[in-house]
Structure formats: structure tokens, C-alpha cells
Amino acid sequence: MKKFCLALLIVLVSVTMAFAKVNINTATADELAGLAGIGKVKAEAIVAYRTANGQFKAVEDLTKVNGIGDKTLEKLKADITIDGK
């Protein structure tokens, strides 16, 4: 029974994490690279932009990063945030 409960807990945590939004102000390049349409190069560009310019004030500010346009932002909006973890 303990193994079943542990397995269930692991599944629930995994599902919760899969639906959690990624905070573009705190995420690592690896976390950002997991987003649809964002690969390693764009993820590193996001982190570099954030380091040079400070935190994003709105998710729409992501378009200020070279290589990220309105279409990419629309794909990402449901999966990103500037609040929380």
C-alpha cells in the first residue's frame, strides 16, 4: 500500500508541474527551453535579456527579446507568467 501511495503522489506532483506556468523572471534557460517554440538559443536570449534589463513587467515584454515575436508570444501566453515561482 505504501508503494501505491508513493507512486500516486509522484504522478500527482508530475501532473501539477506539467500544468504550472513558467515564470519568465525566474526560470532557468533549461526551464525556458522546455516551452513550446523556445529552444536553447531563445531560452538563453531570454535569460541574457533579463540579466541586462531587469525583470519583465508584463509577459508581452517577452517580444523585446530578439527572435521572439507576436506569434511566438501568443503560443506561450497560456504557459508563462511573471508572478509566482
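Here the structure is shown first, and the text comes after it.
Residues numbered from 1 in each chain as written. Predicted model: local features only at pLDDT ≥ 70, side-chain atom pairs only at ≥ 80, totals over all residues. Heavy atoms only, no water.

### Focus: the overall build of the protein chain
Next up, step 1: Along its length, the protein chain carries four helices and two strands.
Next up, step 2: Listing each helix as α and each strand as β along the protein chain from the N terminus yields α-β-α-α-α-β.
Next up, step 3: Looking at the protein chain residue by residue over its 85 residues, the buried ones come to 26%.
Next up, step 4: Considering only residue pairs separated by 6 or more positions, the protein chain has 48% of its internal contacts joining residues 24 or more positions apart. (Helix = DSSP H or I, 4+ residues; strand = E, 2+ residues; numbered from the N terminus. Buried < 20%, exposed > 50% of the residue type's maximum accessible area, 1.4 Å probe, protein only. Contact = heavy atoms within 4.5 Å.)

### Focus: the nonpolar core
Next up, step 1: By size, the foremost hydrophobic cluster in this structure holds 16 residues, and its most contacted members are L32, L35, I38, I46, L62 and I80.
Next up, step 2: For this core, the elements supplying multiple residues, two or more each, are α3 (40-53) and α4 (70-76). (Core = buried A, V, L, I, M, F, W, Y, C linked by side-chain atoms within 4.5 Å.)

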